[in-house]
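The primary structure of each chain is shown beneath.
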Amino acid sequence: MLGDLIGEEQAQVTGQRVVRSDHGLPPVVETSFTGTGHLLGVTVNDTGSYTGRLRPDGTLYGEGQGVIMSPSGAHASWQGGGVGRFTEGGGTSWRGTIVYSSDSPEFADLRGVAGAFEWEVGADGKAVGKIWAWK
């Protein structure tokens, strides 16, 4: 069951590149970003990257990773994966799961919790996302 909203962010794409694939698979697009927001009520900066691969049905499969830091030095790393689709305006819309790792007391409540996320990325590279605890 989805639990409480635990995080919200606003981000900006900082770069993209196309990475060749092996085994006849379509190439992937790697996207890097930086963002700010709140996670468990703590102000955070998020730096990460994710790859998106076009699937035969027109949807996208993505995986990503990143690092979150608070102004006080609390930190967490994350890994996630999900499915995306292209939007009419030229952006992408993503849904998936995310798992965190941290030894910072501020993020202790992330231990043992999977997050369910939704991200909307505009054609201009501006993105907004929300994360709910999945318990």
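That block above? That's the structure.
A brief look at the structure comes next.

1. Re the sheet that holds strand S8 (residues 126-134)
The pairing of strands in a sheet comes from backbone hydrogen bonds and takes either a parallel or an antiparallel form. Taken together, the 8 strands give a closed barrel; going around it, the order is S1-S2-S3-S4-S5-S6-S7-S8, and neighbouring strands pair in antiparallel fashion. Averaged over all adjacent pairs, the angle separating strand axes in this sheet is 25°, with direction ignored. By the bridge criterion, 10 bridges tie strand S5 (residues 75-86) to strand S6 (residues 92-101) in an arrangement that is antiparallel. Following the sheet pairing, Gly80 is matched in S6 by Ile98.

2. Some words on the nonpolar core
Leu39, Ile68, Trp94, Tyr100 and Phe107 are the most contacted members of the largest nonpolar core, which totals 24 residues. Every element with two or more residues in this core is listed here: strand S1 (2-19), strand S2 (28-39), strand S3 (42-54), strand S4 (60-69), S5, S6, strand S7 (114-121) and S8. Among residues more than four places away in sequence, those in contact with Ile68 are Leu39, Val44, Asn45, Asp46, Ala74, His75, Ala76, Trp78, Tyr100 and Phe107.

3. Remarks on the pattern of salt bridges
Enumeration over the complete set of coordinates arrives at 4 salt bridges. Glu30 is the salt-bridge partner of Arg17, the closest N and O atoms lying 2.6 Å from each other. One end of the pair, Arg17, is in strand S1; the other, Glu30, is in strand S2, and 13 residues separate them in sequence. For Glu120, the salt bridge goes to Arg95, with nearest N and O atoms at 2.9 Å. Taken as a pair, Glu120 in strand S7 and Arg95 in strand S6 lie far apart in primary sequence, 25 residues in all. Classification of Glu120 as partly exposed rests on a relative accessible area of 29%. Ionic contacts of the salt-bridge type, sharing partners, join the residues Arg95, Glu118 and Glu120 into one network.

How each quantity is defined
Residues numbered from 1 in each chain as written. Predicted model: local features only at pLDDT ≥ 70, side-chain atom pairs only at ≥ 80, totals over all residues. Heavy atoms only, no water. Pairing = 2+ DSSP bridges. Helix = DSSP H or I, 4+ residues; strand = E, 2+ residues; numbered from the N terminus. Axes fitted to C-alpha atoms, helices over the stretch in contact; angles between N-to-C directions. Core = buried A, V, L, I, M, F, W, Y, C linked by side-chain atoms within 4.5 Å. Buried < 20%, exposed > 50% of the residue type's maximum accessible area, 1.4 Å probe, protein only. Contact = heavy atoms within 4.5 Å. Salt bridge = Lys/Arg side-chain N within 4 Å of Asp/Glu carboxyl O.

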